[in-house]
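Each chain is listed here by its residues.
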Amino acid sequence: MEINVLLFELALSFYFIATVSGFAWLFKGKKAFSKVITAFIVIGFGLHTAGFIARYITGGHFPVTNMHEAASFFSLCLVLLFLYHEYRFKLGLLSSFIMPMVFILILVSSFFPREIQELNPVLRSNWFSIHVLLAFISYAAFAMASGIGSMYLIQERYLKSKHPGGLFQRLPNLQVLDEVNYHLITLGFTLLSLAILTGIIWAKSAWGSFWRWDPKEIWSVISWLVYILILHLRLRRGWGGKKTAIMSIAGIVLVIFTFFGVNLLLKGLHTFV
């Protein structure tokens, strides 16, 4: 078994343990689970990163040239953002809402062919890595926002009940969740804007035109416009709190379609990212 495959399988295992532990923490409420879960995630992230680097060294290029690599890197970016926000904001039960998405992504990636493919000559550009990195972290930010949005809706429901209990004491307050959600949407939108811009510049140098009406280009711009609308409604219309939480959950559906659906259902120049 190749080292990158072994590291991937080990990372998948630790993410699975972290996901199951997160569900146990969600329902059992044992505070000790928090550090244990974080330890599993950190180990999984370390193995995942090592596997990514090994694949990079073996292939000699940024390893996102097929759906296995793309979905795996998506999950890696999501874990990176999770660890940062867990360290910065100490959001209780965050892993219980984020790790299921991480595990599903890396599990899905495991079903696609894992062969390391030679990079298409047109992709041999410094713009490739920059464009891909910006795009994937933006996707991860939107995915994180949907998880935070779910936490907000659950906490609001508990707050409105006459006898709040259960998760109420262990979830962050609504203001914190709303601020983090807004931060993630803003981050995702900014990075997606830069990803689209670098993609346009790269397209000009690679194909001689800024825009080729590729399905991924079209749906990426649609996603961009949707998040412009979300930010506009929040900043100009005061649609914060619950409305932003709902829109962040709805927005991730569009992002997932742009990531998976366009690649699998529509043919175009973007065969993997």
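What counts as what
Residues numbered from 1 in each chain as written. Predicted model: local features only at pLDDT ≥ 70, side-chain atom pairs only at ≥ 80, totals over all residues. Heavy atoms only, no water. Core = buried A, V, L, I, M, F, W, Y, C linked by side-chain atoms within 4.5 Å. Buried < 20%, exposed > 50% of the residue type's maximum accessible area, 1.4 Å probe, protein only. Helix = DSSP H or I, 4+ residues; strand = E, 2+ residues; numbered from the N terminus. Contact = heavy atoms within 4.5 Å. Axes fitted to C-alpha atoms, helices over the stretch in contact; angles between N-to-C directions. Parallel < 35°, antiparallel > 145°, perpendicular 65-115°, else oblique. Left-handed = near helix turned anticlockwise from the far one by under 90°. 1 Å grid on protein atoms, 1.4 Å probe; cavity = no way out; pocket = protein on both sides within 12 Å on 5 of 7 lines; lining within 4 Å. Points joined across faces, edges and corners; volume = space filled by probe spheres on them. Nonpolar A, V, L, I, M, F, W, Y, C, P; charged D, E, K, R; others polar.

Student: So what's going on with the nonpolar core? Residues and values would help.
Tutor: Ranked by internal contacts, the top residues of the largest apolar core, which has 77 residues, are Tyr15, Phe73, Phe136 and Phe259. Secondary structure elements with two or more residues in this core: helix H1 (3–28), helix H2 (33–59), helix H3 (67–89), helix H4 (94–110), helix H5 (126–160), helix H6 (174–207), helix H7 (215–237) and helix H8 (242–265). Broken down by element, the residue count for this core peaks at 15 residues, all from H5. With near-sequence residues (within four places) excluded, phenylalanine 259 lies in contact with Met67, Ala70, Ala71, Phe74, Phe136, Tyr139 and Lys216.

Student: Pulling in residues and values, what's your account of the packing of H3 against H4?
Tutor: At their nearest, the axes of H3 and H4 sit 7 Å apart, and the two run at 165 degrees to each other. Here H4 runs roughly antiparallel to H3, going by the angle between their axes. As for the relative orientation of H3 and H4, their crossing is left-handed in sense. Residues His68, Ala71, Ser72, Phe74, Ser75, Leu78, Val79, Phe82, His85 and Glu86 of H3 lie in contact with H4, whose contacting residues are Leu94, Ser95, Ile98, Met101, Val102, Leu105, Ile106, Ser109 and Ser110.

Student: Tell me about the environment of lysine 243, and name the residues and values.
Tutor: Following the sequence through the fold, lysine 243 ends up in helix H8. Residues lysine 243 and leucine 233, 10 residues apart in the sequence, show an inter-C-alpha distance of 9.2 Å.

Student: Report on empty space enclosed by the protein, specifying residues and quantitative values.
Tutor: Under the counting rule described, the total for this entry stands at 2 cavities of 30 Å³ or more. Here the largest cavity is characterised by a volume of approximately 150 Å³. For the lining of the largest cavity, the secondary structure elements donating two or more residues are H1, H2 and H3. Per element, the largest residue contribution to the lining of the largest cavity is 5 residues, and it comes from H3. Among the residues forming the lining of the largest cavity, the class breakdown is 6 nonpolar, 5 polar and 2 charged. For the second largest cavity, the calculated volume is near 40 Å³. Lining the second largest cavity are Trp25, Ser34, Ile37, Thr38, Phe82, Glu86, Leu91, Leu93, Leu94 and Ser95. Looking at the lining of the second largest cavity, the elements that each hand over two or more residues are H2, H3 and H4. In terms of residues, the lining of the second largest cavity owes the most to one element, H2, which gives 3 residues. A breakdown of the residues in the lining of the second largest cavity according to their chemical character gives 6 nonpolar, 3 polar and 1 charged.

In short, geometric facts, not functional conclusions.
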